[in-house]
Amino acid sequence: MDNPATHNSPRTWFLTSSLSPLSIRLIRLLLAHGDYVVACLPPSEIEDEHRSAEFRELINECKSNRKDREGWKDRIRGIRCDGRVMGQCGAAVAEAVQVFGRIDILLCCKFEAVVGTVEELGTTPRTNNLVRDQFETIFFSQVNFIKAALPQLRAQHTGHIMILTSIGGHIGTPGMGVYTAATWALEGFCDSLAYEIAPFNIKVTIVQPNKEIQSLTNKIIFAPQLPFYDSEINPAPSMRDMLTNVLNVNPDTVIEPSEEEIQYRYPRLPSATLDRLVMETVHALTAIGGHENPPARHIVGFEGSIAVKEKLKTVTEELEDFVEASLAVDIFESELKAEAREGRSAYEQQARSGSVPGAGPPT
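Residues numbered from 1 in each chain as written. Predicted model: local features only at pLDDT ≥ 70, side-chain atom pairs only at ≥ 80, totals over all residues. Heavy atoms only, no water.

## Thoughts on empty space enclosed by the protein
The final tally for this structure, using the stated rule, is 1 cavity of 30 Å³ or more. Taken as a whole, the largest cavity holds about 70 Å³ of empty space. Lining the largest cavity are 13 residues, and of these Lys 110, Ile 138, Leu 164, Thr 165 and Leu 186 sit closest to its centre. For the lining of the largest cavity, the secondary structure elements donating two or more residues are α5 (125-156), β6 (159-164) and α6 (177-197). (1 Å grid on protein atoms, 1.4 Å probe; cavity = no way out; pocket = protein on both sides within 12 Å on 5 of 7 lines; lining within 4 Å. Points joined across faces, edges and corners; volume = space filled by probe spheres on them. Helix = DSSP H or I, 4+ residues; strand = E, 2+ residues; numbered from the N terminus.)

Below you can see the structure in the form of structure tokens.
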């Protein structure tokens, strides 16, 4: 495996977290394609019998005599690794290179969601720690894997870093502020990273499915609820209610409202439901991973694309509405300033003629 892998030839994937239903289905597809997989196993998850059951089933398949699984056991390597510990990340990368010779695609896919309003997360030292834990899980652990892999990717002069987040990287969500903040931190980090490593022929892609795809396939942590934010009193959309309703369908994951306890659950959805939920994202990852000219960002699914387009349209409209306020702080007149004013004038004319969808009369 000394030669660089092309998009259609066998590639070595390094998954930073491999126990979610999405990761399991991705690994199956990669092994069927002939790829090599390094599967990192977070200790807290591998010790959870139900959480790790599907991965153990996959490993048993790999070791079986099934003809359609021939060679799988030689092309997968599970490594117990806590991404929050930099030394363990470095050791996992070294083991991957020792076993398979290289890393073509680093997929950062660790996820868990803390549910709670800003005020709910600041009530006690324990809830304050949830904020730190969220950043450790979503941001710092993935940054550790990236830092550990960069020397190898740079030495290869090729590689692809993929970050699996959600459209939460574009759009804030009531009740998931700390998750959104950690996601934006990771995406901002990767936006800057992409410029730094482009000269080494290392690509970066952020993949954004809908929020529920990640939330309903990973650990959900509920902060104690304050009565002021109960959906019967507060009209803001309640992610707490939405996720609780899904969990309460299964008797094993029922969650009762609590103003005192921090509660967590791994959702347990039927296999067919999980397939419908995640396979679109799985196919997007396999199509983009290792591509010679991958996108910087890829939004998975029609609904997510529409939501992000609406957000970007709102941002554009606000920029145009307040362009004079932005220009007022400039000290020197410039061609750029004149162009901005011309752009504002053209936007107003389009709005009056009705050629800007959704735009009202200029203010």
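## Focus: the pattern of salt bridges
For the structure on display, the rule yields 19 salt bridges. In this structure, Asp 82 and Arg 84 form a salt bridge, with 3.0 Å as the shortest nitrogen-oxygen distance. Under the relative-accessibility criterion, Arg 84 is labelled partly exposed at 47%. Across the pair Asp 191 and Arg 297 runs a salt bridge, and its minimum N-O distance is 2.9 Å. Here Asp 191 is found in helix α6, whereas its partner Arg 297 is found in strand β10 (residues 297-299), with 106 residues between them in sequence. Using a relative accessible area of 34% as the deciding quantity, one classes Asp 191 as partly exposed. The class of Arg 297 is partly exposed, set by a relative accessible area of 29%. Each member of the salt-bridge network shares a partner with another, and the members are Arg 28, Glu 61, Arg 66, Asp 68 and Arg 69. (Salt bridge = Lys/Arg side-chain N within 4 Å of Asp/Glu carboxyl O. Buried < 20%, exposed > 50% of the residue type's maximum accessible area, 1.4 Å probe, protein only.)

## Points about the pairing of strand β8 (residues 219-222)
Residues Lys 219 and Ile 221 point to one face of β8 and Ile 220 and Phe 222 to the other, with burial holding for every one of them. One ladder, built from 4 bridges, connects strand β5 (residues 112-115) with β8; its direction is parallel. By the bridge assignment, Glu 112 is partnered in β8 with Lys 219. (Pairing = 2+ DSSP bridges.)

## Describing the sheet that holds strand β4 (residues 105-108)
Taken in spatial order, the 7 strands line up as β3-β2-β1-β4-β6-β7-β10 in an open sheet, and their pairing is parallel. The open sheet has two edge strands, β3 (76-80) and β10, and neither has a second partner. For this sheet, the mean inter-axis angle between neighbouring strands, taken without regard to orientation, is 15 degrees. By the bridge criterion, 6 bridges tie β6 to strand β7 (residues 202-208) in an arrangement that is parallel. Following the sheet pairing, Gly 159 is matched in β7 by Ile 202. (Axes fitted to C-alpha atoms, helices over the stretch in contact; angles between N-to-C directions.)

## Quick word on the sheet that holds strand β9 (residues 263-265)
Across the sheet, which stays open at both edges, the 3 strands sit in the order β5-β8-β9 with mixed pairing between neighbours. Here the strands that pair on one side only, and so sit at the sheet edges, are β5 and β9. Looking at each pair of strands side by side, their axes are set apart by 15 degrees on average, direction ignored. The sheet contacts of helix α8 (residues 239-247) involve β5, β8 and β9, and relative to β8 the element is tilted by about 125 degrees. (Contact = heavy atoms within 4.5 Å.)

## Let's talk about the environment of Ala 181
When you line up the elements, Ala 181 lands in helix α6. Sequence separation of Ala 181 and Gly 168 is 13 residues, and the distance between their C-alpha atoms is 8.9 Å.

## Overview of unusual backbone geometry
Look at His 157: it is not a glycine, yet its phi comes out positive at around 60 degrees. One non-glycine residue, Asn 201, lies in positive phi territory at about 65 degrees. Along the polypeptide, Asn 201 turns up in the loop between α6 and β7.

## Digging into the packing of aromatic side chains
Taken as a whole, this structure holds 5 aromatic pairs when the rule is applied. The interplanar angle of 55 degrees and the centroid separation of 5.3 Å between the aromatic rings of Tyr 36 and Phe 100 together place this pair among those described as tilted. Of the two residues, Tyr 36 sits in strand β2 (residues 36-41) while Phe 100 sits in helix α4 (residues 86-100), which places them 64 residues apart along the sequence. For Phe 100, a relative accessible area of 6% corresponds to the buried category. With a centroid separation of 4.9 Å and an interplanar angle of 75 degrees, the aromatic rings of Phe 139 and Phe 140 are classed as edge-to-face. The exposure class assigned to Phe 140 is partly exposed, which follows from its relative accessible area of 40%. Pairwise contacts between aromatic rings join Phe 139, Phe 140 and Phe 189 into one cluster. Over the ring of Tyr 264 we find Lys 219; its NZ or CZ atom is 4.5 Å from the centre of that ring. (Phe/Tyr/Trp six-rings, centres within 6.5 Å; stacked < 30°, edge-to-face > 60°. Lys NZ or Arg CZ within 6 Å of the ring centre and 35° of its normal.)

## Regarding the environment of Thr 205
Note that Thr 205 resides in strand β7. In this structure Thr 205 comes out as buried when scored by relative accessible area, which is 0%. With 44 residues separating them in the primary sequence, Thr 205 and Ile 161 have C-alpha atoms 6.4 Å apart. Here Pro 295 takes part through its backbone oxygen, which lies 2.6 Å from a polar atom of the side chain of Thr 205. (Polar contact = N/O pair within 3.5 Å; in protein donor to acceptor, adjacent residues only side chain to side chain.)

## Topic: the nonpolar core
Membership of the largest hydrophobic core comes to 48 residues, with the highest contact counts inside it found for Leu 15, Ile 27, Val 37, Phe 55, Leu 107 and Met 162. With 7 residues, the top contributor of residues to this core is helix α9 (residues 271-288). The contacts of Met 162, once residues within four sequence positions are left out, are Trp 13, Ile 105, Leu 106, Leu 107, Cys 108, Thr 205, Val 207, Leu 285, Ile 288 and Gly 289. Residues Ile 103, Leu 106, Cys 190 and Ile 202 belong to the second largest nonpolar core, which totals 30 residues. (Core = buried A, V, L, I, M, F, W, Y, C linked by side-chain atoms within 4.5 Å.)

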